[in-house]
Amino acid sequence: MSSFAVLAIAAGLIAAAVPTRGSRTHRLSLAAITAFVVLAIGWLWPEGAATAPAAAKEAVEGADTSPSILLNLLIGVPIGGAIALLFLPRQMLSLVRGFTYAIFAVTFLLSLWLLSVPMTDGWHFQYIADWIPIAGIRYHVALDGISLWLVVLTTFTTPIAAFASFGSIDKRIKELCIAFLMLQGAMIGTFLALDLFLFYVFWELMLIPMFLLIGIWGGAERRMAAMKFFIYTMAGSVLMLAAILYLVWTHHELNGFWTFDYLALCQVVLPGVPGTISPQALCFWAFTLAFFIKVPVFPLHTWLPDAHVQAPTGGSVVLAAVMLKMGTYGYLRFSMGLFPAQAAHAAATLAGLVIMFGIIWGALCAWKQSDVKRLVAYSSVAHLGFVMLGLFGATTSGIKGAVLQMINHGIATGALFLLVGVIYDRRHTREVSEFGGLAKVMPVYATLFVIVTMASIGVPGTNGFIGEFMVIAGTFVSERLNQFGPIQAVAAAFGVILAAVYMLGVVQKMFFGPLSNPKNKTLKDISPRETLALAPLILVIFLIGWFPQLMLDRMDAAVQTTRLRFVNTVLEVSPNPKAAQAVPPGVFSESFLKGAPKKPSADPKKKKVAMRPTKRGGAK
Amino acid sequence: MLSQLTSQFPANDFTLLAAVLLLPLIGAFVCGIFGKRLGKEGVRLMALSAVFGSFIASVVTFIMVAAAPHTATKAARLSWKAWHWFDVTGRGRSVVPIDVSFSVDALSATMMLIVTGVGFLIHLYSTGYMAKDEGFYRFFAYLNLFIFSMLVLILGDNLLVLFVGWEGVGLCSYLLIGFWFDDEKKAAAGKKAFIANRIGDFGLLVAMAMLVYYAGTLSWDGLEAAQSAMAEQRTVWSASYLREFPDWLVWLRDLVTPEQPVRMMVATMVALALFIGCIGKSAQIPLFVWLPDAMAGPTPVSALIHAATMVTAGIYLVCRTSFIFALSPLAMAVVAGTGALTALFAASIAFAQTDLKKVLAYSTVSQLGFMFIGVGVGAFAAGFFHVITHAFFKGCLFLCAGSVIHAMHARVHDETASQDMRNMGGLRKYMPITHMTFLVSCLAIAGFPLTSGFWSKDELLFKAFTNTIVPLNPNIITPPLWYGQMIYAIGIVAAVGTAFYMFRAYFMTFHGDFRGWSIVAGFKPPAHDDHHDDDHADHDEPLEGPVPHESPRSMTVPLIILAFFAAIGGFVYAEPLHQVWPLEMFVSLEHFWSPVFATASKFVTTRPGSEAMMWPLLGVGAGVSLFGIGAAYWVYIVQKGEPAKAFVARAGGLHRLVLDKWRIDELYDATILGLIDAMGDIAAQCDRWIVDGIIAKLTSGVVKVTGHALRLLHTGRVQVYAASMVVGTAVIGWYVFTPHAEATIDARRVRPQGQVRFEAAAGHGYRYRWHIDGETVPDIFSGRRNFSMQLERCEQKTAVLTIKNAFDREAVTTYTQCRESKPGCCKPTDTPAPKKEALLGRVDGGVR
């Protein structure tokens, strides 16, 4: 640990020396960011193989130590901060901004606390309270190794997006801050909610700030884009709501009590045989369509380029980095968790779909765009195709690679949007043809752009490669994809070539060649503020590229559980075309079912039940 | 001394590799970030000391590898695990750990010496060559980064770490080709190189995925041990894959699936996938097109990356994974065949080129082909030895070319003109050192007896003639016996070509009269130095200029060192000589490397009588080179190039075709690239108009139209509302006025007990009358809605429901039911209801 402290100081000193002409604050901030990243590596570094079995033994006790209030704080602090902002005067810009930064800092530090607990099997930081007892709706939040990283990604990228926005937006700052804080709170809530009602509330809640972000601070066509974004997502969510209600009703028919809890609904197998039209298939597709729209998966993706092009830089960063992950996360958690048989049945076909129309079609479309932001938006379609492919394959490394790729995409594409924002702020255009030879006048900017490009196309040593490789290797070995696994792995690997084609094409057109456009001759290189926004992202690109195990270790248990639950449910529950059935006891592990609702006892007065971890067991 | 080192750096924790690797990385970092502030001297010091430090560490490593204990079959391997990188899932959910670890054995130790040694010389050369460039620091940052990546490639202990270096060198190559990025063409050449390499990387990715699955490991030791898994036969394509096809697509399935499942050996698939990577990186047919374009980069880059080191990575990879390749005679034949074709094809292009660097570029492609011949016929050591001698002579040739271009730049600033051999000539007088070193290297590449190229090229062609690959079992596809001889014949033709076009270049550059400008003693460059004027070497007024100058010492010293090795480097291998004079103290490189190839060489045999063939074939090799050189001498010195001009005049079309590189680039543009481009256009337009059109625009349009239609009704005129109210009331009133006789039937008990229950639908003011058809009709209507009917076996009855509503209007419905206790006993009825319907209690009848 102390050696890492020394390393951190050294790295900080080097980072402070990097800017050629930087102010003291700029140098100090860079040094702090770098030292912090190095310290984080040291902190997360595995202590050695010897302690690993010991950590596994603590599987049960480990959960005990987790303070259950933490997740409430993570959701509550940003939302509370947004409410508190209402009472601050809008004229005092620095106060408003400072307050927002403070809230972001608190949330980020809180999310780092999550990393201190060993991510063993089961749920952590679980907190349960009754909300609407008459309908069995509870406030149930909990964390596992998968949502952990998505929460950290949220608390990591939202501040960067807000920071970048403050540099380019100068109207309605207070509303902007409120929107960002609400957005963050809602996104964290979505990743943490284990009650489907609560999940739905957060899912819809996060739409509103993003709708405002695009609609108020966006480009010329912002209203249309905001509406398109909203209606697309809404259409999916309404379907999902219907499916949730059907599922809850079926659970009530089976078990005699109302609940919206994920852990309880997981155990309901709706009537239906895979491959036929049945309640099970309809509910699966209702959920899945909602998530596919969000991901987005072809052919539901056309809202994304419009939304990205019109959204302000900060909005694009959050949209790409976090919001798209709602779809992939939702598919992993809910579509695969609630309807494993359907998900398994559809996997091979869907994998073919995302390869053909996500990875390859998306890449081809990206190649032909003339607007840089549109291009990056289409590249998101291709990248998320890899994520979905990993999920469809449902092997350990496939799912891990998919989760890692969610993070990677957030980092790399977020950085790309920031970079596009930099040039947009200077020239107010994003047409590739307007540029050329920028490397001459903006060398630092060009360098950073090339680095992020390399991460985006998955050059080894950057984060993108690890995720892609794990997904490809996972696809190759997948049993879920039947005999098509190898063929699909090859096709997905082909997408790697196309990624190089479109990204390098745009790099060449923008940065290389003669500096022909006179408007570009006086452009200023990237400003200290912009480098500060990018520095953490670029450091993380290399951090994940070289030390992915720091993340993979912590998601291991959760991925194993998810995969096993998925596979076992498919294996052990024989499909019944007519009647709903319950998953037999023993399929789901004890630690997974911790906190599942029980049939209410005769004592209705007891309103609030904060689950102590000692009260284990579930409805079986 | 050595024992101290050994205890300091044990074989399983050989941290000295960290020094080898990290020094160039630090150099790259410092030059790249702080280079501008350090100034040229600082950058020079940093970059040179980083690579030189790495070279020293490599020498120490080499000595330690040579001294480490090894047997004839087990190579000494010093390894260092840096940290655990990540895990992937293998077959049957096994965990395949992947470490960031490095190792060095005889093969990589040699390669490491070449990379750092030649790398250092080229760094040194570059400090002179690039002295006036404003991107000096950037250049050395990239160059150091390249050395680092190349070392990662060589030292990686598993395929994935190798892949990091593999893509890393590709990236550096991209950055360095496009180093002068304000020229669009150079930037485009960089992109082309990167994408061609990416196509190769795709193969490597697939190979890694296969290895994870089949072998369950990616580390060299693990793969070597996994030979049984490699030898498995696997079904790769069979009709059963598509059994879930819908009926209307069956014809397609029959079209694409063979009768018998296609089976392939794992080793073949893996080796071919790996070889795709090699094709991309080592510029073989069909992906060689990027390498000639890559000459757009600064000349030292061409020497280091595109001649001496990076492009030979493909051969290194085949040697590294020789135990996989050797298992599959088919893959080996593909490797050798591709190599032979490339050797010949590239040589043919080199005949007509007038750009000095282009000649060298195609010669590189051709020589790489020779190397693949070597490794493809199982002569791994010979093939790899050609990598090393090639690094010397081709590195030297490129640096000489750079030296010449440097001199030409005194008056000719245009890129193309300064590299055009038609503007050179007679330079041997003015540049004696460059001339001598160029000549030596030319002799070496032409295979002049006793030079390094002679020994390596002769050895691998000899092996091509004599070697055969023994299949593991007779079911494996093997090439025919004459295949080796055919490769040998192609190789000989290509070797003649090599000698000819290299000496053509030599004579055109260094002999004859200087054609660049008219030399004026004591020439002073014009003060305004009008570039525009100088851009065209062949403009009307003859250009005047100074005496062409020899390059500075920092450039000539590397030339001399490289030429020295190009001349005598062959003796460290020189297999025939070692057989004649076996020297105890002087071990041949082949012997040094043999443990590395021990597993692979089990599959390689020589045909009988090959021992006797050695000297005759050696003679053929020497004769071939002398013939090529002599022919060039005759054409370009004795006849002053007349036969060449006559040939051009006679076969102008062919000459133009060759000059245009057989128009391969154009072919690719028209076919594959055009196809992908069209696909991109189609995708983008479809996405915009069809996908978005249907999903977003059409749905929104439908909603909009519906909204418009409905809006028409909401005009705000009270009269319209009143009228619609009247119409609506009338419709509802008519419905209420009419009785509706409907009932639900409960026929669940009709079969066991013969009972059918009816329940008439309720309505306002309804009264009901039930009776059975044919029985007496009761007079009274009552409020009783329920009715039941008893049936005997096979009996059929009809219930009649009459309803009277508040307006005394009547409606009648009949329900026919049958108790089918035996199948078919309900058939004869006047109402031909299907029996099933009757059973299920469907309504049979209507409002009368």
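Everything numeric here is computed off the predicted structure, so don't read it as measured data. (Residues numbered from 1 in each chain as written. Chains lettered and ligands numbered in written order. Predicted model: local features only at pLDDT ≥ 70, side-chain atom pairs only at ≥ 80, totals over all residues. Heavy atoms only, no water.)

Across its full length, chain B carries 33 helices and 14 strands. Its C-alpha atoms give chain B a radius of gyration of 42 Å, more than 25% over the compact-globule value 29 Å for 848 residues. Relative to its full complement of 848 residues, chain B shows a buried share of 54%. Looking at chain B alone, contacts between residues at least 24 apart form 77% of all its contacts between residues at least 6 apart. Carbon and sulfur atoms form 64% of the exposed surface of chain B, whose accessible area is close to 36300 Å². Each charge sign in chain B was given a centre, from 67 positive and 65 negative side chains, and these centres are 7 Å apart. (Helix = DSSP H or I, 4+ residues; strand = E, 2+ residues; numbered from the N terminus. Rg over C-alpha atoms; globule rule 2.2 N^0.38 Å. Buried < 20%, exposed > 50% of the residue type's maximum accessible area, 1.4 Å probe, protein only. Contact = heavy atoms within 4.5 Å. Areas by Shrake-Rupley, 256 points an atom, 1.4 Å probe, with all protein chains shown as cover. Lys, Arg positive; Asp, Glu negative; His and termini not counted. Charge placed at Lys NZ, Arg CZ, Asp CG, Glu CD.)

When you go through chain A residue by residue, the secondary structure sums to 25 helices and 4 strands. At 24 Å, chain A has a C-alpha radius of gyration in line with the 25 Å of a compact globule built from 620 residues. Its C-alpha atoms give chain A principal-axis dimensions of about 75 × 55 × 50 Å. With 620 residues in all, chain A has 65% of them scored as buried. Intrachain contacts of chain A at a sequence separation of at least 6 include 79% that bridge at least 24 residues. A total accessible area of about 20800 Å² is found for chain A, and carbon and sulfur atoms account for 67% of it. Considering chain A, the positive charge centre built from 45 side chains and the negative charge centre built from 28 side chains are found 7 Å apart.

Here the focus is the domain arrangement of chain B. Per the domain assignment, the segments of chain B are domain 1 (1–157), domain 2 (158–241 + 251–522 + 545–659), domain 3 (664–737) and domain 4 (743–818). Placing a centre on the C-alpha atoms of domain 2 of chain B and another on those of domain 3 of chain B gives a separation of 61 Å. (Domains from an automatic or database assignment.)

All names here are of chain B. Strand order in the open sheet made by the 3 strands is E11-E13-E14, with antiparallel pairing throughout. The open sheet has two edge strands, strand E11 (767–772) and strand E14 (810–818), and neither has a second partner. Between one strand axis and the next, the sheet turns through 20 degrees on average, direction left out of account. As paired elements, strand E13 (residues 796–804) and E14 share 9 bridges and run antiparallel to each other. Note on E14: the bridge partner recorded for Ile 803 is Ala 811. (Pairing = 2+ DSSP bridges. Axes fitted to C-alpha atoms, helices over the stretch in contact; angles between N-to-C directions.)

A word on helix H12 (residues 299–308) of chain B. All names here are of chain B. With 10 of 10 residues buried, H12 is to be regarded as a mostly interior element. The set of residues buried in H12 consists of Thr 299, Pro 300, Val 301, Ser 302, Ala 303, Leu 304, Ile 305, His 306, Ala 307 and Ala 308. Next to the buried residues of H12 lie helix H3 (106–129), helix H4 (136–155), helix H5 (159–177), helix H11 (290–293), helix H16 (356–376) and helix H17 (380–408).

Before going further, it helps to spend a moment on the sheet that holds strand E9 (residues 743–746) of chain B. Residues and elements named next belong to chain B. Spatially, the 3 strands line up as an open sheet ordered E9-E10-E12, and their pairing is antiparallel. At either end of the open sheet lies a strand with only one pairing partner, and these are E9 and strand E12 (786–790). Strand after strand, the sheet turns through a mean of 20 degrees between neighbouring axes, direction not considered. Note that strand E10 (residues 755–760) and E12 share 5 bridges and pair antiparallel. Residue pairing across strands places Val 756 opposite Met 789, the latter belonging to E12.

The subject of this paragraph is the pairing of E11 of chain B. Residues and elements named next belong to chain B. The element E11 is largely enclosed, with a buried count of 5 among its 6 residues. As paired elements, E11 and E13 share 6 bridges and run antiparallel to each other. In the strand pairing of E13, Arg 769 is matched with Thr 802.

Our next topic: unusual backbone geometry. Residue and element names in this part refer to chain A. Geometrically, the link from Val 295 to Pro 296 is a cis peptide bond, its omega value of -5 degrees lying close to zero. Summarising the element assignment, Pro 296 is placed in the loop between helix H13 (279–294) and helix H14 (303–310). Here Phe 298 and Pro 299 are connected by a cis peptide whose omega angle stands at 0 degrees. At Phe 125, a position not held by glycine, the phi torsion is positive, near 55 degrees.

This part is about the nonpolar core. Grouped together as the largest cluster of nonpolar side chains are 489 residues, with contacts concentrated most on Phe 469 of chain A together with Trp 593 of chain B. Top contributing element to this core by residue count: H17 of chain B, with 20 residues. Aside from chain neighbours lying at most four places away, what touches Trp 593 of chain B is Ala 106, Leu 107, Thr 110, Ala 381, Phe 384, Phe 385, Ile 388 and Tyr 573 of chain B. (Core = buried A, V, L, I, M, F, W, Y, C linked by side-chain atoms within 4.5 Å.)

What follows deals with a nonpolar patch on the surface. A grouping of Leu 450, Val 557, Ile 561, Phe 564, Phe 565, Ile 568 and Phe 571 of chain B is seen on the molecular surface, where their side chains present a nonpolar patch of about 560 Å² in accessible area. Tracing the chain through its elements places Phe 571 of chain B in the loop between helix H24 (553–568) and helix H25 (575–580). (Patch = residues over 30% accessible without salt bridge, like charges linked within 9 Å, V, L, I, M, F, W, Y side chains within 5 Å. Salt bridge = Lys/Arg side-chain N within 4 Å of Asp/Glu carboxyl O.)

This paragraph deals with the interface of chain B and chain A. Of the residues lining the interface, 61 residues belong to chain B; the matching set on chain A comes to 63 residues. With both chains or domains summed, chain B and chain A bury close to 5700 Å², and 72% of this area falls on carbon and sulfur atoms. For Asp 681 of chain B, the salt bridge is made with Lys 368 of chain A, and the minimal N-O distance between the two is 3.6 Å. On the surface where chain B and chain A come into contact, there are 19 residue pairs in polar contact (both at pLDDT 80 or more). Broken down by secondary-structure element, the contributors of at least two residues to the side of chain B that touches chain A are helix H2 (16–67), strand E1 (78–89), strand E2 (95–104), H5, helix H6 (184–214) and helix H31 (664–713) of chain B. Sort the elements by how many residues they give to the side of chain B that touches chain A and H6 of chain B lands first, with 17 residues. (Buried area = accessible area lost by both parts, 1.4 Å probe. Polar contact = N/O pair within 3.5 Å; in protein donor to acceptor, adjacent residues only side chain to side chain.)

Now for the packing of helix H10 (residues 207–217) of chain A against helix H11 (residues 222–255) of chain A. Residues and elements named next belong to chain A. Orientation of H10 relative to H11, taken along the N-to-C sense of each, is 160 degrees, at an axis distance of 7 Å. Overall, the two elements H10 and H11 adopt an arrangement that is roughly antiparallel. Handedness of the H10/H11 crossing: right-handed. On the side of H10, the interface is formed by Leu 207, Met 210, Phe 211, Ile 214, Gly 215 and Ile 216, while H11 contributes Arg 222, Ala 225, Ala 226, Met 227, Phe 229, Phe 230, Thr 233 and Met 234. Taken together, the residues of the contact of H10 with H11 break down into 11 nonpolar, 2 polar and 1 charged. (Parallel < 35°, antiparallel > 145°, perpendicular 65-115°, else oblique. Left-handed = near helix turned anticlockwise from the far one by under 90°. Nonpolar A, V, L, I, M, F, W, Y, C, P; charged D, E, K, R; others polar.)

A few words now on the packing of aromatic side chains. This structure, assessed with the given rule, holds 90 aromatic pairs over all chains. A ring pair is formed by Phe 29 of chain B and Phe 34 of chain B, whose centres lie 6.3 Å apart and whose planes are at 75 degrees; its orientation type is edge-to-face. Take Phe 29 of chain B: its relative accessible area is 39%, and that puts it in the partly exposed class. By relative accessible area, which is 16% here, Phe 34 of chain B ends up buried. Summarising the aromatic geometry, the rings of Phe 275 of chain B and Phe 372 of chain B are spaced 5.4 Å apart at their centres and angled 85 degrees between planes, so their arrangement reads as edge-to-face. In this pair, Phe 275 of chain B sits in helix H10 (residues 266–281) while Phe 372 of chain B sits in helix H16, placing the two residues 97 residues apart along the sequence. In this structure Phe 275 of chain B comes out as buried when scored by relative accessible area, which is 2%. Positioned above the aromatic ring of Phe 163 of chain A, the side-chain terminus of Arg 529 of chain A is 4.3 Å from the ring centre. Sitting over the face of the ring of Phe 179 of chain B, Arg 138 of chain B holds its NZ or CZ atom 4.4 Å from the ring centroid. (Phe/Tyr/Trp six-rings, centres within 6.5 Å; stacked < 30°, edge-to-face > 60°. Lys NZ or Arg CZ within 6 Å of the ring centre and 35° of its normal.)

With that settled, consider the side chain of Ser 335 of chain A. Within the secondary structure layout, Ser 335 of chain A lies in helix H15 (residues 313–338). Separated by 3.1 Å, the side chains of Ser 335 of chain A and Thr 288 of chain A make a polar contact.

Turning our attention to H24 of chain B. Residue pairs spaced three or four apart in an α-helix point in one direction, given the helix's 3.6 residues per turn. Across its 16 residues, H24 of chain B extends 23 Å between first and last C-alpha, which sits within 8% of the 22 Å expected from 1.5 Å per residue. Buried residues along H24 of chain B sit in contact with H3, H17, helix H20 (432–446) and helix H21 (452–466) of chain B. (Expected span 1.5 Å × (residues − 1).)

Here we take up the pattern of salt bridges. Evaluated as defined, the whole model comprises 32 salt bridges over all chains. Note that Asp 306 of chain A is salt-bridged to Lys 228 of chain A, the shortest N-O span being 2.7 Å. In this pair, Asp 306 of chain A sits in helix H14 while Lys 228 of chain A sits in helix H11, placing the two residues 78 residues apart along the sequence. Exposure class is identical for Asp 306 of chain A and Lys 228 of chain A. Each is buried. In this structure, Glu 434 of chain A engages Arg 427 of chain A in a salt bridge whose closest nitrogen and oxygen atoms are separated by 2.5 Å. Relative accessible area serves as the criterion here: at 25%, Glu 434 of chain A is assigned to the partly exposed category. Residues joined in a network through salt bridges with shared partners are Lys 228, Asp 306 and Arg 374 of chain A together with Asp 692 and Lys 697 of chain B.

Moving on: the confidence of the model for chain A. In this model, chain A carries an average pLDDT of 86, and 93% of its residues clear a pLDDT of 70 or more. In this model, residues 49–64 of chain A is a region of pLDDT below 50 whose contacts with residues beyond four sequence positions or in other chains number 8 contacts. (pLDDT = per-residue confidence, 0-100.)

Of note, Ser 379 of chain A is situated in helix H17 (residues 372–393). Of the polar contacts made by the side chain of Ser 379 of chain A, one reaches the backbone oxygen of Val 376 of chain A; its length is 2.7 Å.

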